[in-house]
Amino acid sequence: MADTSKVLIYNNEFGTISIVHPSAKTSKTWDEIQAGIGTNRCPDQVFHLVDKNDVPSDRSFRNAWTYTP
């Protein structure tokens, strides 16, 4: 089961950041969630698992967000 205190971040096909928040009811692991995203949505197949508290709460400029590990 995916840890719901984490989110998955990846660069999507539009050149922006996608953030995946798992459902509290999911039985999938983070590896299964990553596998389901596919190469068309995440061309470089690089994922980062981070604490959800590290994601900005102000969504005003969300299309300008970047992530540096």
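That block above? That's the structure.
Cut-offs used in this document
Residues numbered from 1 in each chain as written. Predicted model: local features only at pLDDT ≥ 70, side-chain atom pairs only at ≥ 80, totals over all residues. Heavy atoms only, no water. Helix = DSSP H or I, 4+ residues; strand = E, 2+ residues; numbered from the N terminus. Buried < 20%, exposed > 50% of the residue type's maximum accessible area, 1.4 Å probe, protein only. Polar contact = N/O pair within 3.5 Å; in protein donor to acceptor, adjacent residues only side chain to side chain. Pairing = 2+ DSSP bridges. Axes fitted to C-alpha atoms, helices over the stretch in contact; angles between N-to-C directions. Contact = heavy atoms within 4.5 Å.

Trainee: Give a detailed account of the side chain of Thr-26, specifying residues and quantitative values.
Mentor: Mapping Thr-26 onto the fold places it in the loop between strand 2 (17-20) and helix 1 (30-41). On the basis of relative accessible area, Thr-26 is assigned to the buried category, the value being 17%. Of note is the side chain of Thr-26, whose polar atom sits 3.1 Å from the backbone nitrogen of Lys-28.

Trainee: Give me unusual backbone geometry: which residues, what numbers.
Mentor: We note that Gln-45 has phi near 55°; this positive angle belongs to a residue other than glycine. Relative to the elements of secondary structure, Gln-45 occurs in the loop between helix 1 and strand 3 (47-51). Overall, Gln-45 belongs to the partly exposed group, its relative accessible area being 36%.

Trainee: Outline the pairing of strand 1 (residues 6-11), supporting the account with residue identities and numerical values.
Mentor: Pairing of strand 1 with strand 3 involves five bridges; the strand directions are antiparallel. Paired with Tyr-10 across the bridge in strand 3 is Phe-47. In this sheet, strand 2 lies alongside strand 1 in antiparallel orientation, the contact comprising four bridges. Within strand 2, the residue paired with Tyr-10 across the bridge is Ser-18. Between strand 1 and strand 2, which pair antiparallel in sequence order, lie five residues; one of them, Gly-15, sits at a positive phi of approximately 85°.

Trainee: Provide a residue-level description of the sheet that holds strand 3, including the pertinent values.
Mentor: Backbone-to-backbone hydrogen bonds join strands into a sheet, with any given pair of strands oriented parallel or antiparallel. Taken together, the three strands give an open sheet; going across it, the order is 2-1-3, and neighbouring strands pair in antiparallel fashion. Whereas interior strands pair on both sides, the edge strands pair on one side only; in this sheet they are strand 2 and strand 3. Averaged over all adjacent pairs, the angle separating strand axes in this sheet is 30°, with direction ignored. Helix 1 contacts strand 1, strand 2 and strand 3 of the sheet and is inclined by roughly 20° relative to strand 1.

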